[in-house]
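What the coordinates show
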Amino acid sequence: MSELPLTLTEAAAALRAGTTTSRRLTERAIATADRADPVLGCYLHRFDELALATADAADAELAAGVDRGPLQGIPFGVKDILAMAEGPTTAQSDVLDPAWGAGRDAPVVARLKAAGAVITGKTSTMEFAIGMPDDSKEFPVPRNPWDPATWPGGSSSGTGAGVAAGLFYAGLGTDTGGSIRIPAAFCGITGLMPTFGRVPKSGCVPLGYSLDHIGPMARSAEDCAAVLAVLAGPHDSDPDCVDAPFTAPRCPDDLVGLRVGVVRDGHFPPDSDPALLDAFDDMATELADAGASLTPVTLPYRAEMLTANMLTLACEALAYHRTDAQRRWADYYPATRAMLARGALVSGADYVQAQRMRRVAQDALRRTLTDVDVLLCPTTSVAAPRLDAFLSGASSIMTLLGHIHTGYWDSVGNPVLALPMGFTSAGLPLSVQLAGRPFDEAGLLRVGQLLQRRTTWHLRQPAPVGASAGVAA
Amino acid sequence: MPEPIAEVRMLLDAAGLPASDEEVAALAAHYPALREATDALYAPAAVRYADPALRFRADAQIVDWT
């Protein structure tokens, strides 16, 4: 494994230098999946033959001087709530109509194909991106390659675990309350939730219409930038998506002049992981050593935005699911039912009030981001929790909510980059978030790239998982 | 029947969601906190005259994504 490039960007360079081929990268990805996926449950559908054919086409094009950009020939995973012509979309549910999206590519999938990405399969999630780990139906329970007894996070579980385990170099996730950043955090990889409206979300099974973001998950900030450059741009089918140019930024030499707001309030509850504070302080120190100035900041209307996230998500999800839920209640997983039911417990006025409060918080945050350029806070205050508590029903998402610090950002819509920042004493990854002004992903990615030039957390790999590696679930 | 359970049951029935008694009880346990957090959205002075973050365009069309 070590003889092949570790990051997407390195692999793209190696393809152009002629030191590897897309076929080699893809065959390695397939072999890794053969070994590890029976344990990790990253894939719902694999496209081995299609992937090899796409890899051969990429190799032929590159040899002929046809360069589609850095995703060409790169093994890539797609979360199975996004439509792709070659395979079914299930949203990890028995409820979704198989005819939905059949034979069609979501705009983001079409853009990946046009860029020459080698899509190796559709990755596992939680039911409709809101369930929780559950082994009561036939879908796999995604597991974390750092410790298969733990949860990889969700809902972009398979994409997060797959990048960490080397099943593909990058993948698509979606984020409505944290579903890109939570698995990025628990799996020790980098995830970018773009600004709401940066990437078209049509062709994605909706969860929260005003909260859904599609974005990249990969090993590094540089990799995420390369993917976002392909995904970004308007599409007529998504009225939220705007025409805001994005170009992958170059890594700066330093961060002199950068003003960083350091957010601690509410992010370090008493039962946080003991390693969290030091890891977070170390990342803040890295920023300062690179020339940035640090200022303590409190997020405006944090409690209200967490409520607005949950309330909006539940209401918008219930609007989408109500007809099916009335008829097929038992076909949904219990955790999905619980979230959908919450949408019935508030009024229409409450929903509108949440949207009024979101506007107020956006404006207050805009003012905060005139005093600082980026904000720094932990992604979660604990590492990946054990799966057995979820599978037995002893734990639910409610037990984790105080430790997950992602939903605020879905409510306000600003871009957020989640980066690995260290490990717990048990060897599980910890993660930090960098948040910025709307449509300033380039600014975040510059900071992320420099941090990852100064640290190596994003390059750490879990021990191989699977039968031939001698590791059981 | 404790009041939150009755209220939750009524709201779920109104939505046509056939939740079990066990599910209703679990939701009712969190319902007072949900109601309190939701009511808190009306409290900040800054929200009194704020427009909601909703979208509506008179010229909008439904456009297929393929």
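All of these numbers come straight from a predicted model, not from anything done at the bench.

The rules we used
- Residues numbered from 1 in each chain as written.
- Chains lettered and ligands numbered in written order.
- Predicted model: local features only at pLDDT ≥ 70, side-chain atom pairs only at ≥ 80, totals over all residues.
- Helix = DSSP H or I, 4+ residues; strand = E, 2+ residues; numbered from the N terminus.
- Rg over C-alpha atoms; globule rule 2.2 N^0.38 Å.
- Buried ≥ 20, exposed ≤ 12 C-beta atoms within 10 Å, placed from the backbone.
- Contact = placed C-beta atoms within 7 Å.
- Axes fitted to C-alpha atoms, helices over the stretch in contact; angles between N-to-C directions.
- Parallel < 35°, antiparallel > 145°, perpendicular 65-115°, else oblique.
- Left-handed = near helix turned anticlockwise from the far one by under 90°.
- Nonpolar A, V, L, I, M, F, W, Y, C, P; charged D, E, K, R; others polar.
- Pairing = 2+ DSSP bridges.
- pLDDT = per-residue confidence, 0-100.
- Expected span 1.5 Å × (residues − 1).
- Core = buried A, V, L, I, M, F, W, Y, C linked by C-beta atoms within 7 Å.

1. With respect to the overall build of chain A
Check the secondary structure of chain A and you find 15 helices and 11 strands. Relative to the compact-globule value of 23 Å for 473 residues, chain A shows a C-alpha radius of gyration of 20 Å, a close match. Considering only C-alpha atoms, chain A reaches an extent of 60 × 55 × 45 Å along its principal axes. The buried share of chain A, reckoned over its 473 residues, is 62%. Residue pairs in contact within chain A that sit at least 24 positions apart in sequence constitute 80% of those at least 6 positions apart.

2. Details of the overall build of chain B
Helix and strand content of chain B: 2 helices and 0 strands. Over its C-alpha trace chain B gives a radius of gyration of 18 Å, far above what one expects of a compact globule, namely 11 Å for 66 residues. The principal-axis extent of the C-alpha atoms belonging to chain B is close to 50 × 40 × 20 Å. A total of 66 residues make up chain B; the buried ones form 15% of that total.

3. What to know about helix α10 (residues 334-342) of chain A
Note: α-helices contain 3.6 residues per turn, so residues at a spacing of three or four share the same orientation. By the criterion of burial, α10 of chain A is predominantly enclosed, with 7 of the 9 residues buried. Among the residues of α10 of chain A, Thr336, Arg337, Ala338, Met339, Leu340, Ala341 and Arg342 of chain A are the ones counted as buried. In this fold, the buried residues of α10 of chain A make contact with α9 (302-328) of chain A together with α1 (3-15) and α2 (21-39) of chain B.

4. Overview of the packing of α10 of chain A against α2 of chain B
Across the interface, α10 of chain A lies against α2 of chain B with an axial gap of 11 Å and an inter-helix angle of 45 degrees. As summarised for this structure, α10 of chain A and α2 of chain B are arranged oblique, according to the angle between their axes. Considering the relative orientation of α10 of chain A and α2 of chain B, their crossing is right-handed. Contacts between α10 of chain A and α2 of chain B involve Arg337, Ala338, Ala341 and Arg342 of chain A from the former and Glu23, Ala26, Leu27 and Leu34 of chain B from the latter. Each residue belonging to the contact of α10 of chain A with α2 of chain B can be placed in one class, and the counts come to 5 nonpolar, no polar and 3 charged.

5. Topic: the interface of chain A and chain B
Across the boundary between the two partners, chain A contributes 39 residues, which contact 34 residues of chain B. Elements represented by at least two residues in the side of chain A that touches chain B include exactly α9, α10 and α11 (348-371) of chain A. Ranked by residues supplied to the side of chain A that touches chain B, first place goes to α11 of chain A with 10 residues. Broken down by class, the residue content of the side of chain A that touches chain B amounts to 18 nonpolar, 9 polar and 12 charged.

6. Here's the deal with the sheet that holds strand β7 (residues 259-263) of chain A
What links the strands of a sheet is backbone hydrogen bonding, and the strands pair in either a parallel or an antiparallel sense. Residue and element names in this part refer to chain A. Sheet architecture is open: 11 strands sit in the order β1-β3-β2-β4-β6-β5-β10-β11-β9-β7-β8, paired in mixed fashion. At either end of the open sheet lies a strand with only one pairing partner, and these are β1 (43-46) and β8 (293-297). Taken pair by pair, the neighbouring strands of this sheet meet at an average axis angle of 30 degrees, ignoring direction. Relative to strand β3 (residues 118-123), β1 is paired through 3 bridges, and the arrangement is antiparallel. Counterpart to Tyr43 in the pairing with β3 is Thr123.

7. Side note on unusual backbone geometry
Residue and element names in this part refer to chain A. Following Gly154, the chain continues into Ser155 via a peptide bond in cis, with omega recorded as 15 degrees. Position of Ser155 relative to the elements: it lies in the loop between β3 and α5 (157-165). With a phi angle near 50 degrees, Phe128 is a residue other than glycine that sits in the positive phi range. Residue class for Phe128 comes out buried when judged on the 26 C-beta atoms lying within 10 Å of it.

8. Topic: the confidence of the model for chain B
As a note on interpretation, predicted positions should not be read in detail where pLDDT is low. The predicted model of chain B has a mean per-residue pLDDT of 94, with 97% of residues at 70 or higher. This prediction of the complex comes with two scores: 0.97 for pTM and 0.96 for ipTM.

9. What to know about the pairing of strand β5 (residues 190-193) of chain A
All names here are of chain A. In β5, alternate side chains face the same way, and those of Thr190 and Leu192 on one face and Gly191 and Met193 on the other are all buried. As defined by bridge partners, β5 adjoins strand β6 (residues 213-218) across 2 bridges and the pair is classed as antiparallel. Counterpart to Thr190 in the pairing with β6 is Ala218. In this sheet, strand β10 (residues 416-423) lies alongside β5 in antiparallel orientation, the contact comprising 3 bridges. Across the sheet, the residue bridging to Gly191 is Ala418, located in β10.

10. Remarks on α1 of chain B
For α1 of chain B, with 13 residues, the first-to-last C-alpha span of 19 Å sits near the 18 Å given by 1.5 Å per residue. Two residues or fewer past α1 of chain B, Gly16 of chain B is found with a positive phi of approximately 75 degrees.

11. Quick look at the nonpolar core
Residue and element names in this part refer to chain A. The biggest cluster of nonpolar side chains holds 162 residues, and the ones touching the most others in it are Ile74, Phe76, Leu82 and Ala170. With 11 residues, α9 is the largest single contributor of residues to this core. Non-local contacts of Phe76, meaning those with residues more than four positions away in its chain, are made with Leu71, Leu112, Ala117, Val118, Ile119, Thr120, Phe168, Tyr169, Ala170 and Gly171.

12. Observations concerning the packing of α9 of chain A against α10 of chain A
Residue and element names in this part refer to chain A. Relative to each other, α9 and α10 sit at 115 degrees, their axes nearing to 8 Å. In this view, α9 runs roughly perpendicular relative to α10, as classed from their interaxial angle. For the pair α9 and α10, the crossing hand works out as left-handed. Packed against α9, whose contacting residues are Ala314, Ala317, Leu318, His321 and Ala325, the element α10 presents Met339, Leu340 and Arg342 at the interface. Across the contact of α9 with α10, the residue classes tally to 6 nonpolar, 1 polar and 1 charged.

13. A closer look at the environment of Gly121 of chain A
Residue and element names in this part refer to chain A. Its place among the elements puts Gly121 in strand β3. The buried category is assigned to Gly121, around which 31 C-beta atoms lie within 10 Å. Spatially, the C-alpha atom of Gly121 lies 23 Å from that of Ala221, the residues being 100 residues apart in sequence. With residues near it in sequence (within four places) discarded, Gly121 still touches Tyr43, His45, Arg46, Phe47 and Gly77.

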